[in-house]
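Summary of structural features
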Amino acid sequence: MRVCIVAEGCYPYVIGGVSSWIHSLIKSFPNVEFILLTIVANRSIRGKFVYEFPENVTEVHELYLDDYDWSVRKKNRKRLKLNHKEYQALRSLILNQDVHWKTLFQLFQKKDLSIDEFLMGEDFFRAASDCYNLQFSQIVFSDFLWTLRSIYLPLCFTLKMDIPKADLYHCVSTGYAGVLGSMAKERFGCRLLISEHGIYTREREEELIKAKWVQGIYKNIWIEQFRKMSKLAYEKADLVTSLYEHARELQVELGCPVEKTLVTPNGINVERLNDLPEKTEDEKDIINIGAVLRVTPIKDVKTMIQAFGYAKEKQPNLKLWIMGPCDEEKEYAQECFDLVETMRIKDVVFTGRIDIKDYLGRMDITILTSISEGQPLTILESYAAHKPVIATDVGNCRGLIYGESDDFGEAGILTHIMNVEEIAQAILLLAQDEERRLRMGENGYKRLMSKYRIEDMKETYQKIYAEFAKGIGLEWTEDKFTIVK
């Protein structure tokens, strides 16, 4: 079976939870052929992979959302003119009225279609004018028109993509990935699986609400664009998975048919984290606090640093280890370095990229102060090392710390986002109570072993892949797909 993994802004360019999940999934099925269709900002990122591909990855295709129109300009070519059906499909898209996606797929797969001509053409202008007069006549038309062009440019590049053929398209989000998967299903008749780690639409809404580059009603126009793309993916998908129950409920709320939804928790390789190096003799009187993360704004490292600084004033033997890449958001990382200097906080170590096996066993506590998460692998890895976790109440952190369907007990402390005082108090509470730390660490280990192992995840997706394979005459036998005789 040939599976196309479609991922936006993560694997194989960025180290992180979703990337690790994709890499683990591919490695879990060595006898399945995987091809990658990756979505990135622009060509400056082209080929800059940070993962070494397993042997069963046979192709990599890249889509650039901010690119150039490479259409061949022919002399004396007629001006682009849509037929009635194509124009109605365009109008339905811009007005978000029962979008005729099939017609749009066919339109953009025409070899001679120019994206520049399309966006600057009479038909787009006319459809944009209709939308403006019906919904947005209170704002300046020229601003509205250019905003629409900037919104639809990345979607046009997506629809124009020459997608590879596969038996199953496995999209790791909705959004542009979901559009590609939906287009593949329409074109090839393949199956479509959507696996959301965070809820794509909600994450884009949060980003846009906070964004400074877009203001007022234009935030709503952008948000609506992401909603309509997610709605398409939910409608076309054969199955839509999520990592935990509340995420599944959000998918249904956003328009996904409930009968298509399935909760499939993350899983990690527990054996890899057995027999970890423990504290050195020099560290026996130090309370090590570990943060395994990318130094980026969404992880809110500044709040972590401030909370640690206040906690250290009351308990000097604390040491904070910030373990992860600092080169993804260099300006933000520098602000974090400067904050440590400004507050004159001692014992804060930025390790850069590391193998967590070398550090995790030496930690007493791990901490995560993110403002957005799905189901963090770093928490599961902490549990594998029998370590308690301090985490903000985002994504599935509450379920991982307090449990959803078990009675193992608390495995850490949950805090509100950006609450420096509360996080500082949580650090002190665990730092001063070894018995509680050990008990919580064991609770977390039991919770991990109950349903968050890589073996559990592999079994779940093996069943999903096997079910999809039946439709193309394959069956799963002896750890591989074979043709049904």
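Quick look at the structure, then.

Thresholds, definitions, all that
Residues numbered from 1 in each chain as written. Predicted model: local features only at pLDDT ≥ 70, side-chain atom pairs only at ≥ 80, totals over all residues. Heavy atoms only, no water. Helix = DSSP H or I, 4+ residues; strand = E, 2+ residues; numbered from the N terminus. Expected span 1.5 Å × (residues − 1). Buried < 20%, exposed > 50% of the residue type's maximum accessible area, 1.4 Å probe, protein only. Contact = heavy atoms within 4.5 Å. Pairing = 2+ DSSP bridges. Right-handed = clockwise from strand over helix to strand, strands pointing away. Axes fitted to C-alpha atoms, helices over the stretch in contact; angles between N-to-C directions. 1 Å grid on protein atoms, 1.4 Å probe; cavity = no way out; pocket = protein on both sides within 12 Å on 5 of 7 lines; lining within 4 Å. Points joined across faces, edges and corners; volume = space filled by probe spheres on them.

Overview of helix H5 (residues 122–135)
Here H5 contains 14 residues, and its C-alpha end-to-end distance of 20 Å stays within 8% of the 20 Å for a straight helix at 1.5 Å per residue. Taken as a whole, H5 has its buried residues at Asp 123, Phe 124, Ala 127, Ala 128, Ser 129, Cys 131 and Tyr 132. Buried positions along H5 lie against helix H2 (84–95), helix H4 (115–120) and helix H6 (141–160).

Some words on the pairing of strand S2 (residues 33–40)
Looking down a regular strand, the side chains alternate between one sheet face and the other. Taken across its eight residues, S2 has seven buried, putting it largely inside the fold. Strand direction decides the pairing type here: strand S1 (residues 2–8) and S2, joined by seven bridges, are parallel. By the bridge assignment for S2, Arg 2 is matched with Glu 33. At this point the chain moves from S1, through helix H1 (residues 17–28), to the parallel S2, and the crossover so formed is right-handed.

As for the sheet that holds S1
Read across the open sheet, the seven strands follow the order S3-S2-S1-S4-S5-S6-S7; overall the sheet is parallel. Single-partner strands in this sheet number two, and they are strand S3 (57–64) and strand S7 (261–263). Pairwise comparison of adjacent strand axes, ignoring direction, gives a mean angle of 20 degrees for this sheet. Here seven bridges tie S2 to S3, and the two strands are oriented parallel to one another. By the bridge assignment for S3, Ile 39 is matched with Leu 63.

Thoughts on the sheet that holds strand S11 (residues 365–368)
Within the open sheet, the six strands sit side by side as S10-S9-S8-S11-S12-S13. Their pairing is parallel. Two strands close off the open sheet at either side, each with one partner strand: strand S10 (348–352) and strand S13 (412–415). Across the sheet, the mean angle from the axis of one strand to that of its neighbour is 20 degrees, orientation sign disregarded. Where strand S9 (residues 318–323) lies against S10, four bridges are found, and the strand directions are parallel. Across the sheet, the residue bridging to Ile 322 is Phe 350, located in S10.

What to know about the pairing of strand S12 (residues 389–392)
The two faces of S12 match: Val 389 and Ala 391 on one face and Ile 390 and Thr 392 on the other face are all buried. In this structure, S11 lies alongside S12, joined through three bridges in parallel fashion. Among the inter-strand pairings, Leu 368 is bridged to a residue of S12, identified as Ala 391. For the crossover that starts at S11, traverses helix H13 (residues 377–384) and ends in the parallel S12, the hand is right-handed. In this view, the connection linking S12 to its parallel neighbour S13 by way of helix H14 (residues 397–402) has right-handed handedness.

A short note on empty space enclosed by the protein
On inspection of all chains with the given rule, the structure shows one cavity of 30 Å³ or more. Quantified by volume, the largest cavity comes out at close to 30 Å³. Gly 290, Val 292, Thr 366, Ile 367, Leu 368, Thr 378, Ile 379, Ser 382 and Val 389 are the residues that line the largest cavity.

Interpretation in functional terms is not warranted from these geometric data alone.
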